[in-house]
Amino acid sequence: MNPHSVFMAICAQQWPGLEQEYVFAPPRKWRFDLAWPKDRVACEIEGGAWVAGRHTRGPGFESDCEKYSTAAILGWRVIRVTPGMIKIGKAIKLLELAFQKK
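Residues numbered from 1 in each chain as written. Predicted model: local features only at pLDDT ≥ 70, side-chain atom pairs only at ≥ 80, totals over all residues. Heavy atoms only, no water.

Attention shifts here to the side chain of Glu46. Relative to the helices and strands, Glu46 resides in the loop between strand 3 (41-45) and helix 2 (58-73). Of the polar contacts made by the side chain of Glu46, one reaches the side chain of Tyr68; its length is 2.3 Å. (Helix = DSSP H or I, 4+ residues; strand = E, 2+ residues; numbered from the N terminus. Polar contact = N/O pair within 3.5 Å; in protein donor to acceptor, adjacent residues only side chain to side chain.)

What follows is the structure in structure tokens.
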């Protein structure tokens, strides 16, 4: 099983109510990779950070800033992680902290 699948399985087991690709600001089509709507906690897995992916280039970065700012205004705690953070266990630790702060 790849680290991403293991991560999602742990999240689903540890924190019930997980939804994938959750649209959080209709009518906008913005989605969170993982979300717990009842708790207003979301997790975004940021790929491409080391290869000049969409999230690190101008237009993509600006779009992400708008998305994450809107999420904060709407009361969401968005935990942003990379695949590397998932592999070494940092992503789970950050989510643990987010759920402790509810």
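On to the environment of Val41, then. For Val41, the location among the structural elements is in strand 3. With 36 residues separating them along the chain, Val41 and Arg77 place their C-alpha atoms 4.9 Å apart. Not counting chain neighbours up to four residues away, the residues in contact with Val41 comprise Ala35, Trp36, Trp76, Arg77, Leu95, Ala98 and Phe99. (Contact = heavy atoms within 4.5 Å.)

To continue, consider helix 4 (residues 90-100). Turning to helix 4, its buried residues number three or more, namely Ala91, Ile92, Leu95, Ala98 and Phe99. Looking down the long axis of helix 4, one finds its buried residues gathered within 120° of arc, a one-sided arrangement. Those residues of helix 4 that are exposed and angled more than 90 degrees off the buried face are Lys93 and Gln100. Next to the buried residues of helix 4 lie helix 1 (3-14), strand 2 (31-36), strand 3, strand 4 (77-81) and helix 3 (83-87). (Buried < 20%, exposed > 50% of the residue type's maximum accessible area, 1.4 Å probe, protein only. Arc of directions from axis to C-beta.)

The quantities given are spatial measurements derived from coordinates; they are silent on function.
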